[in-house]
Amino acid sequence: MSEATMRWMRQNDLADIIQIEEQCFPFPWDQEDFNICLRKKDNVGVVLTLNNKIIGYMIFQFTKKSYSVLSIAVDPSYQKKGYGKKMIEYLKTKIRSSNSGPKDQIKIIVSDQNLQCHNFLKSIGFVALKVIKEYFGPDHDAYDFMLDVKDDVKPQKKIKRTRKVRDGERME
């Protein structure tokens, strides 16, 4: 079996992406929504492929201080197999290797009704920062999630050695 790989999104990928989108969301984006989003210069689209089949996608935006995931989805038949995490890991790798200034956070806004996504994000280290009332319309709130990529890499701690001195105090 082949390993899943990430690549840049292409215009001819949209039919497969929309099919995944429709399976994953109650209010899916259509082709025009994707086109408008991807025309913006700070937005980037990538797809996750397995055996030349698109099984997931992610669209993100970069700002001065962070990356925002605008949309992410994995084909339902491939969910809970680590593919969503692979896409976030891809973004974290891009952030760490970026020369475009200090971008050390990934943000994502998620519907209060999408508990599956909440659980996924929490399982990979995201924290819900706040509730945004009526973000998606009346009685449809959102949660603002954030992952601090800088804190995600834990440096090796130095082990402090101590020794006794003559007066009974310890020195480092």
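Residues numbered from 1 in each chain as written. Predicted model: local features only at pLDDT ≥ 70, side-chain atom pairs only at ≥ 80, totals over all residues. Heavy atoms only, no water.

The next thing to look at is the packing of helix 1 (residues 14–24) against helix 2 (residues 31–39). Taken N-terminus to C-terminus, the directions of helix 1 and helix 2 make an angle of 115°; their axes are 10 Å apart at the nearest point. In terms of axis orientation, helix 1 runs roughly perpendicular to helix 2. Handedness of the helix 1/helix 2 crossing: right-handed. Note on element contacts: helix 2 touches helix 1 through Gln31, Phe34 and Asn35, opposite Leu14, Ile17, Ile18 and Glu21. Along the lines of polarity and charge, the residues of the contact of helix 1 with helix 2 split into four nonpolar, two polar and one charged. (Axes fitted to C-alpha atoms, helices over the stretch in contact; angles between N-to-C directions. Helix = DSSP H or I, 4+ residues; strand = E, 2+ residues; numbered from the N terminus. Parallel < 35°, antiparallel > 145°, perpendicular 65-115°, else oblique. Left-handed = near helix turned anticlockwise from the far one by under 90°. Contact = heavy atoms within 4.5 Å. Nonpolar A, V, L, I, M, F, W, Y, C, P; charged D, E, K, R; others polar.)

Attention now goes to a nonpolar patch on the surface. Nonpolar side chains collect at one region of the surface, where Ile109, Tyr135 and Phe136 lie side by side and expose about 280 Å² of accessible area between them. Within the secondary structure, isoleucine 109 sits in strand 5 (residues 105–111). The class for isoleucine 109 is partly exposed, based on a relative accessible area of 32%. (Patch = residues over 30% accessible without salt bridge, like charges linked within 9 Å, V, L, I, M, F, W, Y side chains within 5 Å. Areas by Shrake-Rupley, 256 points an atom, 1.4 Å probe, with all protein chains shown as cover. Salt bridge = Lys/Arg side-chain N within 4 Å of Asp/Glu carboxyl O. Buried < 20%, exposed > 50% of the residue type's maximum accessible area, 1.4 Å probe, protein only.)

Strand order across the open sheet formed by seven strands is 1-2-3-4-5-7-6, with mixed pairing between neighbours. Two strands lie at the open edges of the sheet, namely strand 1 (5–8) and strand 6 (127–132), each paired on one side alone. Across the sheet, the mean angle from the axis of one strand to that of its neighbour is 30°, orientation sign disregarded. Relative to strand 4 (residues 66–74), strand 3 (residues 53–62) is paired through seven bridges, and the arrangement is antiparallel. Residue pairing across strands places phenylalanine 60 opposite valine 69, the latter belonging to strand 4. (Pairing = 2+ DSSP bridges.)

A separate point is the pairing of strand 2 (residues 43–50). Burial runs high along strand 2: eight of the eight residues are buried. Taking every second residue as pointing to the same face, both faces of strand 2 are buried, with Asn43, Gly45, Val47 and Thr49 on one and Val44, Val46, Leu48 and Leu50 on the other. Relative to strand 2, strand 1 runs antiparallel, the two being bridged by four bridges. Its bridge partner being in strand 2, methionine 6 is matched across the sheet by leucine 48. Connecting strand 2 to the antiparallel partner strand 3 that follows it, the hairpin turn spans two residues, and asparagine 51 within it adopts a positive phi of roughly 50°.

By the secondary structure assignment, tyrosine 135 is in the loop between strand 6 and strand 7 (142–148). By relative accessible area, tyrosine 135 is classed as partly exposed at 44%. Sequence separation between tyrosine 135 and serine 111 is 24 residues; the distance between their C-alpha atoms is 8.3 Å. Sequence-distant contacts of tyrosine 135, that is, excluding residues within four places in its chain, are made with Ile109, His140, Asp141 and Ala142.

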